[in-house]
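# Summary of structural features
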Amino acid sequence: MKFATKVIHAGIEPDPSTGAIMTPIYQTSTYVQDAPGKHKGYEYARTQNPTRTVLENNVAALENGKYGIAFSSGLAAMDTILKLLRTGDEVISTNDLYGGSYRLATTVYERFGIKVHYVDMNDSAQLKAAINERTRLIWIETPTNPMMNIIDIKKITKKYNNDDIIICVDNTFASPYLQNPLDLGADIAMHSATKYINGHSDVIMGLAVTNNEFIAQHLKYLQNAAGAVPGPQDCFLALRGIKTLHLRVERSCQNAQKMANWLNKHKKVSKVYYPGLKSHSGHSIAKRQMKDFGGMVSFDLVNNKYSVAKKVLSNTHLFALAESLGGVESLIGHPASMTHASIPKKERMKVGLTDSLIRLSVGVEDYDDLREDLAAALAKI
Ligand code: P1T
């Protein structure tokens with residue numbers, strides 16, 4: 001089955017009791033048993049819920065994986081993956097990643113004796129130097145949030161995928177339509193489903209997909225043991241959103257590419273971070289491992305003061321000033337004070353995340369309207 005068919009049909013059957021074509025919202029916390037232990041496969045809704053099961057199977061198919069496991073947020077998915085580790089284990093992570101992921105790994109998991117090394121994953125020597133016999137997890141985010149760096153997934157999985165090390169790719173920025181980490185040798189593809197997968201800015205959710213039965217069993221065990229599960233209404237909304245995933249992402253990519261090209265020539269813009277630009281250092285890798293270059297664009301200003309960036313951020317009308325991304329509507333954000341405020345300034349500056357960096361989540365609106373909106377805001381500085 002091809003992707004555009006999978007989003008609508010994979011794992012989805014009409015409801016057996018009524019024929020309802022849409023997966024029902026099983027709004028229940030428990031299931032009646034005929035006799036102790038005699039039930040229809042559903043006992044308690046933390047453990048299983050039929051709406052969630054359909055979503056998990058559908059997303060597994062989109063990522064070319066066997067097992068999908070849903071969580072109450074992207075960070076709950078990451079938290080559960082980190083719980084596969086033990087005290088003394090070590091993680092190697094991309095040095096430029098979502099601020100909340102950094103916060104969870106450092107301020108929470110380092111307290112439990114799990115050490116995290118942040119490295120430039122495009123620098124093979126840095127990666128090699130950080131790997132040791134205690135390494136249990138390699139955490140790759142690509143494209144990275146918000147610097148849009150591209151990491152060659154296959155290059156890393158070819159070298160380091162073995163029985164001791166789990167390789168997980170946070171695939172949120174790409175979405176399963178553009179990039180499938182399991183096909184590139186990763187063990188887990190993880191998503192903040194809050195973003196492109198749901199796509200309508202009305203759900204918080206996370207997902208993990210794997211082909212590895214051992215990892216799947218452990219994640220399912222932890223999903224039930226800790227209970228960070230999404231509710232059935234949210235699963236329904238995500239299933240509904242997924243039906244147009246390919247169409248939404250395709251349009252976002254077209255708009256983002258045009259926006260990046262235009263910004264790249266704008267005299268008040270000093271640098272544009274978008275893998276679809278030929279000048280981007282990860283352009284050729286992105287071309288190989290992604291179907292298109294995504295809907296996220298970051299840029300910096302010639303006059304690189306926060307006060308100047310603030311003017312742009314406060315003067316758009318279609319681009320709403322808000323955290324998050326991947327919805328049908330365009331958003332504008334200031335990573336240094338919003339999504340990445342939990343990363344110390346010294347660390348931020350190392351990867352170019354300046355106080356004047358602006359991030360766009362380019363939606364599916366008319367491109368000319370979006371460009372005019374941004375042009376008017378840039379004209380204010
Ligand atoms: O918000 P939540 O569903 O818990 O997902 C966390 C998360 C994980 N990974 C990546 C790459 C992300 O971008 C996020 C959330 N990011 C934002 C809210 C943001 O505006 O960047």
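Residues numbered from 1 in each chain as written. Predicted model: local features only at pLDDT ≥ 70, side-chain atom pairs only at ≥ 80, totals over all residues. Heavy atoms only, no water.

Moving on, we get to the pattern of salt bridges. Counted under the stated rule, the structure contains 10 salt bridges. The shortest N-O distance in the salt bridge between E90 and R134 comes to 3.0 Å. Taken together, the positions of E90 in strand β2 (residues 90-94) and R134 in the loop between α5 (124-130) and β4 (135-141) put the pair 44 residues apart, joining distant regions of the chain. Look at the salt bridges and you will find they share partners, linking E90, E133 and R134 into a network. (Salt bridge = Lys/Arg side-chain N within 4 Å of Asp/Glu carboxyl O. Helix = DSSP H or I, 4+ residues; strand = E, 2+ residues; numbered from the N terminus.)

Let's shift gears to the sheet that holds strand β10 (residues 320-321). Pairing between sheet strands relies on hydrogen bonds along the backbone, with the strands arranged either parallel or antiparallel. Overall, mixed pairing links the 5 strands, which are arranged β8-β9-β12-β11-β10 in an open sheet. Of all strands in the sheet, those with a lone pairing partner are β8 (269-273) and β10, marking the two edges. In this structure, β10 lies alongside strand β11 (residues 331-333), joined through 2 bridges in parallel fashion. In the strand pairing of β11, A320 is matched with L331. (Pairing = 2+ DSSP bridges.)

Below, the discussion takes up the site of the ligand. The local shell around the ligand holds 18 residues, among which D170, S192, T194, S324 and R359 are the closest. One nitrogen or oxygen atom from the side chain of D170 is found 2.7 Å from a nitrogen atom belonging to the ligand. Among the detected pockets, the ligand sits in the second largest pocket. Each residue belonging to the shell around the ligand can be placed in one class, and the counts come to 5 nonpolar, 8 polar and 5 charged. Counting the residues that make up the shell around the ligand, at least three belong to each of domain 1 (3-242) and domain 2 (245-378). (Near = heavy atom within 4 Å. Polar contact = N/O pair within 3.5 Å; in protein donor to acceptor, adjacent residues only side chain to side chain. 1 Å grid on protein atoms, 1.4 Å probe; cavity = no way out; pocket = protein on both sides within 12 Å on 5 of 7 lines; lining within 4 Å. Sits in = over half its atoms within 2 Å of the grid points. Nonpolar A, V, L, I, M, F, W, Y, C, P; charged D, E, K, R; others polar. Domains from an automatic or database assignment.)

Time to look at the packing of aromatic side chains. Applying the stated criterion across every chain yields a total of 4 aromatic pairs. Here F3 and Y177 contribute two aromatic rings whose centre-to-centre distance is 5.1 Å and whose plane-to-plane angle is 50°, an arrangement assigned as tilted. Of this pair, F3 sits in helix α1 (residues 3-9) while Y177 sits in helix α7 (residues 175-178); the two residues are 174 residues apart in sequence, bridging distant segments of the chain. Take Y177: its relative accessible area is 12%, and that puts it in the buried class. Consider the rings of Y102 and Y118, whose centres lie 5.0 Å apart with planes at 40°: the pair is tilted. Pair noted here: Y102 is in helix α4 (residues 99-108) and Y118 is in strand β3 (residues 115-119), with a separation of 16 residues, a long-range link. Taking relative accessible area as the criterion, Y102 reaches 14% and is therefore assigned buried. The partly exposed category is assigned to Y118, whose relative accessible area is 25%. Above the plane of the ring of F3 lies K291, whose end atom (NZ or CZ) is 5.5 Å from the centre. (Phe/Tyr/Trp six-rings, centres within 6.5 Å; stacked < 30°, edge-to-face > 60°. Buried < 20%, exposed > 50% of the residue type's maximum accessible area, 1.4 Å probe, protein only. Lys NZ or Arg CZ within 6 Å of the ring centre and 35° of its normal.)

So, about the pairing of strand β6 (residues 188-192). Each regular strand displays side chains that alternate between the two surfaces of the sheet. Among the 5 residues that make up β6, 5 are buried, leaving the element largely enclosed by the rest of the structure. Every second residue of β6 is oriented toward a common face, with I188, M190 and S192 on one face and A189 and H191 on the other, all of them buried. As judged from the 3 bridges shared by strand β5 (residues 166-170) and β6, these two strands associate in the parallel manner. Looking at β6, one finds that C168 is bridged to I188. With 5 bridges joining them, β6 and strand β7 (residues 206-210) adopt antiparallel strand pairing. Within β7, the position partnered with I188 by the bridge is T210.

Bringing the nonpolar core into the picture now. Grouped together as the largest cluster of nonpolar side chains are 69 residues, with contacts concentrated most on L263, V272, V297, F299, I358 and L360. By residue number, the principal contributor to this core is helix α10 (residues 245-264), which donates 7 residues. Counting only domains with at least three residues in this core, you end up with domain 1 (3-242) and domain 2 (245-378). Apart from the residues within four sequence positions on either side, V297 is in contact with A256, A260, L263, V272, Y273, Y274, I358, R359, L360 and V362. Listed in part, the 26 residues of the second largest apolar core include F71, A76, C168 and I215. (Core = buried A, V, L, I, M, F, W, Y, C linked by side-chain atoms within 4.5 Å. Contact = heavy atoms within 4.5 Å.)

For the chain, per-residue confidence averages 97 on the pLDDT scale, and residues scoring 70 or more make up 100% of the total. In the model of the chain, helix α13 (residues 345-350) stands out as the element of lowest mean pLDDT, 93, in contrast to β7, which has the highest, 99. (pLDDT = per-residue confidence, 0-100.)

Of all 9 residues in helix α3 (residues 74-82), 8 are buried; the element is thus mostly enclosed. Of the residues making up α3, those classed as buried are G74, A76, A77, M78, D79, T80, I81 and L82. With a side-chain oxygen positioned 3.3 Å from the backbone nitrogen of L75, the residue opening α3 is S73.

In this structure, the largest pocket occupies an estimated 480 Å³ of space. Looking at the lining of the largest pocket, its residues break down into 8 nonpolar, 4 polar and 7 charged. The volume enclosed by the second largest pocket comes to roughly 390 Å³. Around the second largest pocket, the lining comprises 21 residues; the ones closest to its centre are L75, Y98, S192, T194 and K195. If you list the elements that add at least two residues to the lining of the second largest pocket, you get α3 and β6. Residue composition of the lining of the second largest pocket, by class: 7 nonpolar, 10 polar and 4 charged. Per-domain counts for the lining of the second largest pocket show at least three residues from each of domain 1 (3-242) and domain 2 (245-378). (Points joined across faces, edges and corners; volume = space filled by probe spheres on them.)

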